[in-house]
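Given next are the chains, with one letter for each unit.
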Amino acid sequence: MADNLPSEFDVVVIGTGLPESIIAAACSRSGQRVLHVDSRSYYGGNWASFSFSGLLSWLKEHQENSDIVNECPPWQEKILENEEAIALSRKDKTIQHVEVFCYASQDLHEDVEEAGALQKNHASVTSANSTEAADSACLPTEDQSLSTASCEIPTEQTPSSDPESALEVNDFEATGEKENHCDKTCVPSTSEKETSENVPMAENTAEQPKKNRITYSQIIKEGRRFNIDLVSKLLYSRGLLIDLLIKSNVSRYAEFKNITRILAFREGRVEQVPCSRADVFNSKQLTMVEKRMLMKFLTFCMEYEEHPDEYKAYEEITFYEYLKTQKLTPNLQYFVLHSIAMTSETASSTIDGLRATKNFLHCLGRYGNTPFLFPLYGQGELPQCFCRMCAVFGGIYCLRHLVQCLVVDKESGKCKAIIDQFGQRIISKHFLVEDSYFSENTCSHVQYRQISRAVLITDKSVLKTDSDQQISILTVPAEEPGAFAVRVIELCSSTMTCMKGTYLVHLTCTSSKTAREDLEPVVQKLFTPYTEKEIENEEVEKPRLLWALYFNMRDSSDVSRNSYNDLPSNVYVCSGPDCALGNDNAVKQAEALFQQICPNEDFCPPPPNPEDIILDGDSLQPEASESSAIPEANSETLRESANLRNPEEPSE
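Quick summary incoming for the structure in this document. Worth saying up front: this structure is predicted, and the values here are computed from it rather than measured.

Looking now at the overall build of the protein chain. The secondary structure content of the protein chain amounts to 20 helices and 24 strands. Residues classed as buried in the protein chain amount to 59% of the 652 residues present. Of all intrachain contacts in the protein chain linking residues separated by at least 6 positions in sequence, the fraction that spans at least 24 positions is 74%.

Take a look at the structure:
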């Protein structure tokens, strides 16, 4: 296919992260000819989600730090006298300080294969158990380098790679069918989940005394039940991304679950935060006086802009200091600051804190008792949803397709073409490039921030309740000056991101050191390492930690375009993920760049109504064939109910 690519497009997009995918969809929808390429073998870039073995392959790729494509014809001979080139990077340098630890029992005495895998899996991990256990499993000990271990696992990303096949997968899910060749359909649909998820439990019937024992071989074998996000985010139910999903009807490609709990970490323990009216009045943590105080303050926050006299005098101080002036107990101040406004003592001004609190409250009740939604199968589904929309309206996709350089016309100073790994010159009017593709020469003056990330697999929730299917968000405040609060998102198996009997926990904060140095203290507060001795003894109070990954990710979200060296005016830069909880930055960035490319076009308008399409010309035929499968939506209420239905409905 790559050899037969058309030689001319209106827009070339390099990278398949969320902002790039939104822009590609918007341009394709407005009638632009779009080529969307990525040198990686999966969609999403740093927004991607992986199965467990896919994540190990991703780790191996980064620790080897090799060129993405080793052999390409030289592009220099393709450059004419009146042209110059901007070379693009072949290496992804956005991930650093990767450390992996395995705490689960590593009883890999026999060859263990992931269900449906094509090759044997030899995990690349750092052992946190005894040296003997590590040796028996052919794993490096804790003081060995991660790069000494082999990891011969096929790179795979659990969501379907091809936008068109991904559409079919969505249809299969709706009808309860499964296809063995597709990763996503190997995860049971809602109707099949209860039966198929009990299979691993049957293997442990002979070991009743150790029924809670989860081994590393089980994690490997059930690896396709994991969908592990590289970036941890949630969707505000009235945020820009949800509005865009509804407006464009892209929401029909995804399913969502409501976050069930907002948690707080205070005085060494985890407790649930009452945030909705029902939660406040049902809470046993608050006295009746505190309930009235909290309701009165939250009511004010919802309409604070109408009462400027009550906060104008406090605009110059922090939100933390402002809360002290209100009639709130220390208990309520803590809840509002860390779990509702989700800020810290020094990070937000009074106005920022009030705005964040109002946004939190404004999102309550739209789809559940908390403001947040999470996409089933992980955050990596979202870029693919917009890629599908782009493909539906004629966009062309090429993964594993390296762009060697941008070709710039010396006279006009504008970019006129790209040269790909096959030496083909592809002409375009506009070029969108994800930041990580630029070389060091282009980025020599750019100052990046870093995000500290940890991914944990645990055996139970940080706050045990009657239900084991809770989805929680917890903020752990910083204890040291200069450090940052840590955001913890805990996902259960009904989110289709982990195997039954485990939880997938994401930790995120702005980096001040390496990811492990930033996040390990919080991990130690909330979890305890998994050991055989603890299993044989009485129930352990903290959840047991089975597996952990730490890494730093580049944050280019606040980099000015002027920081890049000598970029032509028709080359636009898309940043990677930021550290914020929501996706507003990606949507704002995508819309701003789209308006520069198509200044008079609507941004991701709804799909056309089949009844309004006139089939006179051939140019209308593709839209007509696609839109015939799209249900009519006459109001926002109807679109919401059809596309973002009650998140509790698709539960396990």
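Moving on: the packing of helix H9 (residues 240-248) against helix H15 (residues 381-392). Closest axis-to-axis distance for the H9/H15 pair is 12 Å, and the angle between their directions is 30 degrees. Judged by the angle between their axes, H9 and H15 are roughly parallel. Handedness of the crossing formed by H9 with H15: left-handed. For the pair H9 and H15, contact is made by Leu241, Leu244, Leu245 and Ser248 and by Leu382, Phe386 and Met389, respectively. By residue class, the composition of the contact of H9 with H15 is six nonpolar, one polar and no charged.

A few words on the sheet that holds strand S15 (residues 415-420). Read across the open sheet, the four strands follow the order S4-S14-S15-S16; overall the sheet is antiparallel. Each edge of the open sheet is held by one strand with a lone partner, namely strand S4 (83-87) and strand S16 (425-427). Strand-to-strand twist in this sheet, taken as the mean axis angle between neighbours without regard to direction, amounts to 30 degrees. Pairing between strand S14 (residues 403-409) and S15: five bridges, direction antiparallel. Across the sheet, residue Cys405 finds its bridge partner in S15, namely Ile419.

Let us look at the sheet that holds strand S2 (residues 34-37). Read from one edge of the open sheet, five strands run S13-S2-S1-S17-S24, paired in parallel fashion. Each end of this open sheet is capped by a strand with a single partner; those strands are strand S13 (396-398) and strand S24 (571-574). Going across the sheet, the axis of each strand differs from the next one's by a mean of 15 degrees, ignoring polarity. Bridge count for strand S1 (residues 11-14) against strand S17 (residues 430-434) is four bridges, and the pairing is parallel. Opposite Val11, over in S17, you have His430 as the bridge partner. Helix-sheet contacts for helix H18 (residues 584-597) involve S1, S17 and S24, and the interaxial angle to S24 is about 170 degrees.

Evaluation of the coordinates by the stated rule reveals 27 salt bridges. Between Lys247 and Asp602 there is a salt bridge, with the nearest N and O atoms lying 3.3 Å from each other. Here the residue Lys247 occupies a position in helix H9, and Asp602 occupies one in the loop between H18 and helix H19 (621-627), the gap between them amounting to 355 residues. Using a relative accessible area of 27% as the deciding quantity, one classes Lys247 as partly exposed. Classification of Asp602 as partly exposed rests on a relative accessible area of 43%. Put simply, Asp459 and Arg544 hold a salt bridge, and the shortest N to O gap is 2.9 Å. Linking Asp459 in the loop between strand S18 (449-458) and strand S19 (472-476) with Arg544 in strand S23 (residues 544-555), this pair joins segments that are 85 residues apart in sequence. Exposure class is identical for Asp459 and Arg544. Each is buried.

Our next topic: H18. Over its 14 residues, H18 runs 20 Å from end to end, which matches the ideal 20 Å to within 8%, given 1.5 Å per residue. Taken together, the buried positions of H18 are Ala586, Val587, Gln589, Ala590, Leu593, Phe594 and Ile597. Each buried residue of H18 sits inside an arc of 165 degrees when the element is viewed along its axis, so together they form one side. The elements touched by buried residues of H18 are S1, helix H1 (18-29), H9, S17 and S24.

What follows deals with the pairing of strand S21 (residues 503-510). Among the eight residues that make up S21, seven are buried, leaving the element largely enclosed by the rest of the structure. In this structure, S18 lies alongside S21, joined through eight bridges in antiparallel fashion. Following the sheet pairing, Leu456 is matched in S21 by Val505. Here five bridges tie strand S20 (residues 486-491) to S21, and the two strands are oriented antiparallel to one another. In the sheet register, Leu491 faces S21, and the bridge partner there is Leu504.

With the rule as written, the count across this model stands at 17 aromatic pairs. A ring pair is formed by Tyr304 and Tyr311, whose centres lie 5.5 Å apart and whose planes are at 70 degrees; its orientation type is edge-to-face. For Tyr311, a relative accessible area of 7% corresponds to the buried category. Members of the aromatic cluster, joined through ring pairs, are Tyr42, Phe50, Trp58 and Phe551. The residue whose ring lies beneath Arg266 is Tyr334, and the NZ or CZ to ring-centre distance is 5.3 Å. The ring of Tyr448 carries Arg554 above its face, with NZ or CZ at 4.1 Å from the centroid.

We now examine the nonpolar core. Ranked by size, the top nonpolar core spans 100 residues in total, and within it Phe52, Phe297, Phe319, Phe372, Leu507, Leu526 and Trp547 carry the most contacts. Membership of the second largest hydrophobic core comes to 48 residues, among which are Ile22, Cys385, Tyr572 and Cys574.

Our next topic: H15. Here H15 spans 17 Å end to end across twelve residues, near enough to the 16 Å set by a 1.5 Å rise per residue. Among the twelve residues in H15, twelve count as buried, and that is most of the element. Phi turns positive, to about 105 degrees, at Gly394, one or two residues after H15.

Time to look at the side chain of Thr16. For Thr16, the position within the fold is in the loop between S1 and H1. Judged by relative accessible area, Thr16 falls into the buried class, the value being 1%. Polar side-chain contacts of Thr16 include one of 2.9 Å to the backbone nitrogen of Gly44. When near neighbours in sequence (up to four residues on either side) are disregarded, Thr16 contacts Ser21, His36, Val37, Asp38, Tyr42, Tyr43, Gly44, Gly45 and Pro383.

Analysis parameters
- Residues numbered from 1 in each chain as written.
- Predicted model: local features only at pLDDT ≥ 70, side-chain atom pairs only at ≥ 80, totals over all residues.
- Heavy atoms only, no water.
- Helix = DSSP H or I, 4+ residues; strand = E, 2+ residues; numbered from the N terminus.
- Buried < 20%, exposed > 50% of the residue type's maximum accessible area, 1.4 Å probe, protein only.
- Contact = heavy atoms within 4.5 Å.
- Axes fitted to C-alpha atoms, helices over the stretch in contact; angles between N-to-C directions.
- Parallel < 35°, antiparallel > 145°, perpendicular 65-115°, else oblique.
- Left-handed = near helix turned anticlockwise from the far one by under 90°.
- Nonpolar A, V, L, I, M, F, W, Y, C, P; charged D, E, K, R; others polar.
- Pairing = 2+ DSSP bridges.
- Salt bridge = Lys/Arg side-chain N within 4 Å of Asp/Glu carboxyl O.
- Expected span 1.5 Å × (residues − 1).
- Arc of directions from axis to C-beta.
- Phe/Tyr/Trp six-rings, centres within 6.5 Å; stacked < 30°, edge-to-face > 60°.
- Lys NZ or Arg CZ within 6 Å of the ring centre and 35° of its normal.
- Core = buried A, V, L, I, M, F, W, Y, C linked by side-chain atoms within 4.5 Å.
- Polar contact = N/O pair within 3.5 Å; in protein donor to acceptor, adjacent residues only side chain to side chain.

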